[in-house]
Amino acid sequence: MSASRTSAEEMDGLETRLAAVRAGVRDAARAAGRDPGSIRMIVVTKFHPAQLVRRLVELGVHDFGESRHQEAQPKIQQLAELDLTWHFIGQLQRKKAKAVAAYSDVIHSVDRESLVTALESSARTIDAFIQVNLTADPDRGGVPLAELEPLATRVLAADRINLLGVMAVAPLGEEPRRAFARLRAASERVRRLSATSDAISAGMSQDYPQAIAEGATHLRIGSAITGNRPPGR
Ligand SMILES: *Cc1c(COP(=O)(O)O)cnc(C)c1O
(Lines give C-alpha, C1' and ligand atoms only; values in the text may rest on other atoms or scores of the structure.)
Protein backbone atom coordinates (compact mmCIF):
# COMPACT_ATOMS: atom_id res chain seq x y z
CA MET A 1 0.00 0.00 0.00
CA SER A 2 1.42 3.40 -0.92
CA ALA A 3 1.94 5.88 1.88
CA SER A 4 -0.42 8.42 0.33
CA ARG A 5 -3.43 6.08 0.44
CA THR A 6 -4.59 6.49 3.98
CA SER A 7 -8.39 6.49 3.77
CA ALA A 8 -10.28 4.15 6.06
CA GLU A 9 -11.14 1.97 3.08
CA GLU A 10 -7.49 1.41 2.29
CA MET A 11 -6.52 0.91 5.90
CA ASP A 12 -8.89 -1.96 6.57
CA GLY A 13 -8.94 -3.54 3.16
CA LEU A 14 -12.66 -3.24 2.42
CA GLU A 15 -12.09 -2.01 -1.11
CA THR A 16 -9.50 -4.72 -1.76
CA ARG A 17 -11.77 -7.49 -0.50
CA LEU A 18 -14.73 -6.21 -2.53
CA ALA A 19 -12.59 -6.11 -5.68
CA ALA A 20 -11.32 -9.63 -5.02
CA VAL A 21 -14.84 -11.03 -4.66
CA ARG A 22 -16.05 -9.19 -7.75
CA ALA A 23 -13.15 -10.72 -9.69
CA GLY A 24 -13.94 -14.13 -8.21
CA VAL A 25 -17.55 -13.84 -9.35
CA ARG A 26 -16.44 -12.91 -12.88
CA ASP A 27 -13.99 -15.82 -13.00
CA ALA A 28 -16.54 -18.34 -11.74
CA ALA A 29 -19.15 -17.07 -14.20
CA ARG A 30 -16.75 -17.37 -17.14
CA ALA A 31 -15.69 -20.85 -16.03
CA ALA A 32 -19.37 -21.84 -16.04
CA GLY A 33 -19.99 -20.25 -19.44
CA ARG A 34 -22.31 -17.67 -17.88
CA ASP A 35 -22.65 -13.91 -18.31
CA PRO A 36 -21.33 -12.25 -15.10
CA GLY A 37 -23.98 -9.58 -15.63
CA SER A 38 -26.69 -12.17 -14.96
CA ILE A 39 -25.43 -12.60 -11.38
CA ARG A 40 -26.41 -10.18 -8.64
CA MET A 41 -24.16 -9.81 -5.63
CA ILE A 42 -25.82 -8.96 -2.32
CA VAL A 43 -23.41 -7.80 0.40
CA VAL A 44 -24.52 -9.13 3.79
CA THR A 45 -23.89 -6.44 6.43
CA LYS A 46 -25.23 -8.16 9.57
CA PHE A 47 -23.21 -7.32 12.70
CA HIS A 48 -21.80 -4.25 10.93
CA PRO A 49 -22.89 -0.62 11.40
CA ALA A 50 -24.71 1.62 8.92
CA GLN A 51 -21.42 3.39 8.31
CA LEU A 52 -20.04 0.28 6.58
CA VAL A 53 -23.06 0.27 4.29
CA ARG A 54 -22.35 3.91 3.36
CA ARG A 55 -18.77 3.06 2.46
CA LEU A 56 -19.91 0.12 0.33
CA VAL A 57 -22.38 2.39 -1.46
CA GLU A 58 -19.45 4.67 -2.35
CA LEU A 59 -17.76 1.59 -3.81
CA GLY A 60 -20.76 0.92 -6.03
CA VAL A 61 -22.74 -1.64 -4.01
CA HIS A 62 -26.52 -1.37 -4.30
CA ASP A 63 -27.89 -4.65 -2.87
CA PHE A 64 -27.57 -5.35 0.85
CA GLY A 65 -28.61 -8.27 3.03
CA GLU A 66 -29.60 -8.45 6.69
CA SER A 67 -30.71 -11.46 8.69
CA ARG A 68 -32.07 -10.25 12.04
CA HIS A 69 -35.09 -7.98 12.34
CA GLN A 70 -34.04 -6.20 15.54
CA GLU A 71 -30.74 -5.22 13.95
CA ALA A 72 -31.98 -4.57 10.41
CA GLN A 73 -34.90 -2.27 11.17
CA PRO A 74 -32.98 0.58 12.88
CA LYS A 75 -30.01 0.23 10.51
CA ILE A 76 -32.15 0.51 7.41
CA GLN A 77 -34.00 3.47 8.95
CA GLN A 78 -30.68 5.27 9.39
CA LEU A 79 -29.99 4.75 5.68
CA ALA A 80 -33.45 5.68 4.45
CA GLU A 81 -32.24 8.57 2.28
CA LEU A 82 -30.22 6.15 0.12
CA ASP A 83 -31.92 4.33 -2.73
CA LEU A 84 -30.80 0.78 -1.91
CA THR A 85 -32.29 -2.67 -2.35
CA TRP A 86 -32.63 -4.53 0.95
CA HIS A 87 -32.77 -8.30 1.11
CA PHE A 88 -33.97 -10.04 4.26
CA ILE A 89 -32.12 -13.37 4.31
CA GLY A 90 -32.60 -14.69 7.87
CA GLN A 91 -35.14 -16.93 9.53
CA LEU A 92 -38.40 -15.05 9.76
CA GLN A 93 -40.97 -15.29 12.55
CA ARG A 94 -44.59 -15.02 11.52
CA LYS A 95 -45.18 -12.20 14.03
CA LYS A 96 -42.34 -10.15 12.54
CA ALA A 97 -43.17 -10.78 8.89
CA LYS A 98 -45.23 -7.65 8.30
CA ALA A 99 -42.66 -5.40 9.98
CA VAL A 100 -39.87 -6.94 7.92
CA ALA A 101 -41.88 -6.53 4.71
CA ALA A 102 -42.22 -2.81 5.47
CA TYR A 103 -38.49 -2.17 4.99
CA SER A 104 -37.34 -5.09 2.82
CA ASP A 105 -37.55 -5.21 -0.95
CA VAL A 106 -36.91 -8.95 -1.15
CA ILE A 107 -37.43 -11.73 1.43
CA HIS A 108 -35.29 -14.81 0.79
CA SER A 109 -36.64 -17.01 3.59
CA VAL A 110 -40.28 -17.82 2.90
CA ASP A 111 -40.52 -21.43 4.04
CA ARG A 112 -44.03 -22.05 5.34
CA GLU A 113 -47.62 -21.20 4.70
CA SER A 114 -48.12 -19.10 7.83
CA LEU A 115 -45.51 -16.65 6.52
CA VAL A 116 -47.32 -16.39 3.20
CA THR A 117 -50.53 -15.57 5.05
CA ALA A 118 -48.77 -12.86 7.05
CA LEU A 119 -47.02 -11.36 4.01
CA GLU A 120 -49.99 -11.28 1.68
CA SER A 121 -51.77 -8.84 3.97
CA SER A 122 -48.88 -6.36 3.93
CA ALA A 123 -49.30 -2.92 2.43
CA ARG A 124 -47.09 -3.42 -0.60
CA THR A 125 -46.03 -6.17 -2.95
CA ILE A 126 -42.82 -7.90 -1.99
CA ASP A 127 -40.40 -10.05 -4.00
CA ALA A 128 -39.71 -13.39 -2.37
CA PHE A 129 -37.69 -16.57 -2.58
CA ILE A 130 -38.83 -19.89 -1.15
CA GLN A 131 -36.09 -21.19 1.14
CA VAL A 132 -35.44 -24.89 0.64
CA ASN A 133 -33.95 -27.13 3.34
CA LEU A 134 -31.13 -29.14 1.75
CA THR A 135 -30.38 -31.07 4.95
CA ALA A 136 -32.18 -33.99 6.54
CA ASP A 137 -32.61 -31.94 9.74
CA PRO A 138 -36.16 -30.55 10.01
CA ASP A 139 -34.98 -27.89 12.49
CA ARG A 140 -32.93 -26.13 9.82
CA GLY A 141 -34.64 -23.31 7.94
CA GLY A 142 -36.37 -24.06 4.69
CA VAL A 143 -39.23 -26.12 3.36
CA PRO A 144 -38.49 -29.84 2.89
CA LEU A 145 -37.99 -30.69 -0.79
CA ALA A 146 -41.01 -32.99 -0.67
CA GLU A 147 -43.26 -30.03 0.22
CA LEU A 148 -41.96 -27.60 -2.37
CA GLU A 149 -44.82 -27.63 -4.90
CA PRO A 150 -47.65 -27.03 -2.41
CA LEU A 151 -45.80 -24.07 -0.89
CA ALA A 152 -44.86 -22.64 -4.30
CA THR A 153 -48.47 -22.94 -5.44
CA ARG A 154 -49.59 -21.12 -2.31
CA VAL A 155 -47.05 -18.29 -2.84
CA LEU A 156 -48.01 -17.95 -6.50
CA ALA A 157 -51.65 -17.53 -5.50
CA ALA A 158 -50.84 -14.71 -3.03
CA ASP A 159 -51.70 -11.23 -4.28
CA ARG A 160 -48.88 -9.26 -2.74
CA ILE A 161 -45.99 -11.69 -3.22
CA ASN A 162 -43.95 -11.97 -6.41
CA LEU A 163 -42.11 -15.31 -6.41
CA LEU A 164 -38.57 -14.85 -7.75
CA GLY A 165 -37.33 -18.40 -7.19
CA VAL A 166 -35.61 -20.61 -4.61
CA MET A 167 -32.97 -20.02 -1.96
CA ALA A 168 -30.80 -22.29 0.19
CA VAL A 169 -27.76 -22.47 2.43
CA ALA A 170 -25.34 -25.32 1.71
CA PRO A 171 -25.29 -27.89 4.56
CA LEU A 172 -22.11 -28.28 6.59
CA GLY A 173 -20.15 -31.42 5.92
CA GLU A 174 -21.23 -31.88 2.31
CA GLU A 175 -19.48 -30.83 -0.86
CA PRO A 176 -21.37 -27.58 -1.62
CA ARG A 177 -21.67 -28.20 -5.34
CA ARG A 178 -23.63 -31.41 -4.73
CA ALA A 179 -26.04 -29.54 -2.47
CA PHE A 180 -26.43 -26.71 -4.98
CA ALA A 181 -27.21 -29.27 -7.69
CA ARG A 182 -30.22 -30.31 -5.59
CA LEU A 183 -31.24 -26.65 -5.34
CA ARG A 184 -31.01 -26.32 -9.11
CA ALA A 185 -33.34 -29.32 -9.46
CA ALA A 186 -35.73 -27.65 -7.02
CA SER A 187 -35.57 -24.51 -9.15
CA GLU A 188 -36.58 -26.52 -12.22
CA ARG A 189 -39.61 -27.85 -10.32
CA VAL A 190 -40.70 -24.32 -9.41
CA ARG A 191 -40.20 -23.14 -12.99
CA ARG A 192 -42.68 -25.75 -14.13
CA LEU A 193 -45.26 -23.94 -12.00
CA SER A 194 -44.11 -20.43 -12.94
CA ALA A 195 -41.63 -19.94 -15.77
CA THR A 196 -40.61 -16.49 -14.51
CA SER A 197 -39.79 -17.69 -10.97
CA ASP A 198 -36.37 -18.74 -12.20
CA ALA A 199 -33.93 -17.05 -9.79
CA ILE A 200 -31.62 -19.00 -7.48
CA SER A 201 -30.33 -17.37 -4.27
CA ALA A 202 -27.25 -19.35 -3.23
CA GLY A 203 -23.58 -18.89 -2.50
CA MET A 204 -21.86 -17.31 0.50
CA SER A 205 -18.25 -16.31 1.18
CA GLN A 206 -16.93 -19.87 1.22
CA ASP A 207 -18.95 -21.44 -1.58
CA TYR A 208 -20.03 -18.84 -4.12
CA PRO A 209 -17.99 -20.30 -7.03
CA GLN A 210 -19.77 -23.65 -6.60
CA ALA A 211 -23.13 -21.87 -6.43
CA ILE A 212 -22.37 -19.99 -9.65
CA ALA A 213 -21.46 -23.30 -11.30
CA GLU A 214 -24.95 -24.57 -10.40
CA GLY A 215 -26.81 -21.54 -11.71
CA ALA A 216 -27.02 -19.11 -8.76
CA THR A 217 -28.38 -15.71 -9.80
CA HIS A 218 -28.28 -13.99 -6.38
CA LEU A 219 -25.17 -14.39 -4.18
CA ARG A 220 -25.29 -13.50 -0.47
CA ILE A 221 -21.74 -12.62 0.52
CA GLY A 222 -20.78 -11.31 3.94
CA SER A 223 -17.44 -11.85 5.66
CA ALA A 224 -15.32 -12.21 2.48
CA ILE A 225 -16.15 -8.53 1.85
CA THR A 226 -16.96 -7.04 5.26
CA GLY A 227 -14.16 -8.76 7.11
CA ASN A 228 -14.58 -10.13 10.58
CA ARG A 229 -17.36 -9.05 12.90
CA PRO A 230 -16.62 -5.91 14.88
CA PRO A 231 -15.25 -6.76 18.36
CA GLY A 232 -17.89 -7.68 20.90
CA ARG A 233 -20.53 -8.76 18.36
C1 LIG B 1 -24.68 -14.50 7.16
C2 LIG B 1 -25.36 -15.10 5.99
C3 LIG B 1 -24.76 -15.09 4.72
C4 LIG B 1 -23.36 -14.55 4.47
O5 LIG B 1 -22.44 -15.43 5.05
P6 LIG B 1 -20.85 -15.23 4.87
O7 LIG B 1 -20.28 -16.57 5.17
O8 LIG B 1 -20.45 -14.18 5.85
O9 LIG B 1 -20.61 -14.81 3.46
C10 LIG B 1 -25.48 -15.61 3.66
N11 LIG B 1 -26.72 -16.15 3.82
C12 LIG B 1 -27.32 -16.20 5.02
C13 LIG B 1 -28.68 -16.79 5.13
C14 LIG B 1 -26.67 -15.68 6.15
O15 LIG B 1 -27.27 -15.73 7.34
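Up top is the structure these notes are about.
The model shown is predicted, which means the values in this text are computed figures rather than measured ones. (Residues numbered from 1 in each chain as written. Predicted model: local features only at pLDDT ≥ 70, side-chain atom pairs only at ≥ 80, totals over all residues. Heavy atoms only, no water.)

Digging into the overall build of the chain
Broken down by element type, the chain carries 10 helices and 9 strands. Its C-alpha atoms give the chain a radius of gyration of 18 Å, within 12% of the compact-globule value 17 Å for 233 residues. Summarising its shape, the C-alpha atoms of the chain cover approximately 60 × 40 × 30 Å along the three principal directions. Look at the contacts in the chain between residues 6 or more apart in sequence, and 54% of them connect residues 24 or more apart. Total accessible area on the chain stands at roughly 11200 Å², and carbon and sulfur atoms take up 49% of it. With 31 positive and 28 negative side-chain charges, the chain shows a separation of 2 Å between the mean positions of the two kinds. (Helix = DSSP H or I, 4+ residues; strand = E, 2+ residues; numbered from the N terminus. Rg over C-alpha atoms; globule rule 2.2 N^0.38 Å. Contact = heavy atoms within 4.5 Å. Areas by Shrake-Rupley, 256 points an atom, 1.4 Å probe, with all protein chains shown as cover. Lys, Arg positive; Asp, Glu negative; His and termini not counted. Charge placed at Lys NZ, Arg CZ, Asp CG, Glu CD.)

Considering the pattern of salt bridges
Counted under the stated rule, the structure contains 13 salt bridges. The residue aspartate 63 makes a salt bridge to arginine 40 at a minimum N-O spacing of 3.0 Å. With aspartate 63 in strand β2 (residues 63–66) and arginine 40 in strand β1 (residues 40–44), this pair connects stretches of sequence that are 23 residues apart. Here lysine 75 and glutamate 71 are joined by a salt bridge, their closest N and O atoms 2.8 Å apart. In this pair, lysine 75 and glutamate 71 both sit in helix α4 (residues 69–78), 4 residues apart, roughly one turn of the helix. Each member of the pair, lysine 75 as well as glutamate 71, is classed as buried. What emerges from the salt-bridge pattern is a single network uniting Glu66, Arg68, Glu71 and Lys75. (Salt bridge = Lys/Arg side-chain N within 4 Å of Asp/Glu carboxyl O. Buried < 20%, exposed > 50% of the residue type's maximum accessible area, 1.4 Å probe, protein only.)

Examining the site of the ligand
Near the ligand, the surroundings consist of Val44, Lys46, Ile89, Met204, Ser205, Arg220, Ile221, Gly222 and Ser223. Residue serine 205 places a side-chain N or O atom 2.5 Å away from an oxygen atom belonging to the ligand. Here an oxygen atom of the ligand and a backbone polar atom of glycine 222 are 2.8 Å apart. Its free accessible area being 390 Å², the ligand has 82% of it covered by the protein chains. Residue classes in the shell around the ligand are distributed as 4 nonpolar, 3 polar and 2 charged. (Near = heavy atom within 4 Å. Polar contact = N/O pair within 3.5 Å; in protein donor to acceptor, adjacent residues only side chain to side chain. Nonpolar A, V, L, I, M, F, W, Y, C, P; charged D, E, K, R; others polar.)

Things to note about the environment of glutamate 120
Checked against the element boundaries, glutamate 120 lands in the loop between α6 (113–119) and β5 (126–133). The partly exposed category is assigned to glutamate 120, whose relative accessible area is 25%. Reaching out from glutamate 120, the side chain makes a polar contact with the side chain of arginine 154 at a distance of 2.7 Å.

As for the nonpolar core
One finds Leu56, Ile107 and Ile225 to be the most contacted residues of the largest nonpolar core, which totals 63 residues. Tallying contributions element by element places helix α2 (residues 14–31) first for this core, with 6 residues. Within the second largest apolar cluster, 5 residues are counted, among which are Phe129, Leu164, Met167 and Ala199. (Core = buried A, V, L, I, M, F, W, Y, C linked by side-chain atoms within 4.5 Å.)

Overview of the environment of threonine 217
By secondary structure assignment, the location of threonine 217 is in the loop between α9 (208–213) and β9 (218–221). Sequence-wise, threonine 217 and valine 169 are 48 residues apart; in three dimensions their C-alpha atoms are separated by 14 Å. Within the structure, the side chain of threonine 217 is placed 2.8 Å from the side chain of histidine 218, a separation counted as a polar contact.

Considerations on the packing of helix α7 (residues 148–157) against helix α8 (residues 176–193)
One can describe the packing of α7 onto α8 by two numbers: an axis separation of 10 Å at closest approach and a directional angle of 45°. Of the possible angle classes, the one that applies to α7 and α8 is oblique. The chirality of how α7 crosses α8 is right-handed. The segment α7 lies against α8, with Leu148, Glu149, Ala152, Thr153 and Leu156 engaging Ala186, Arg189, Val190 and Leu193. Across the contact of α7 with α8, the residue classes tally to 6 nonpolar, 1 polar and 2 charged. (Axes fitted to C-alpha atoms, helices over the stretch in contact; angles between N-to-C directions. Parallel < 35°, antiparallel > 145°, perpendicular 65-115°, else oblique. Left-handed = near helix turned anticlockwise from the far one by under 90°.)

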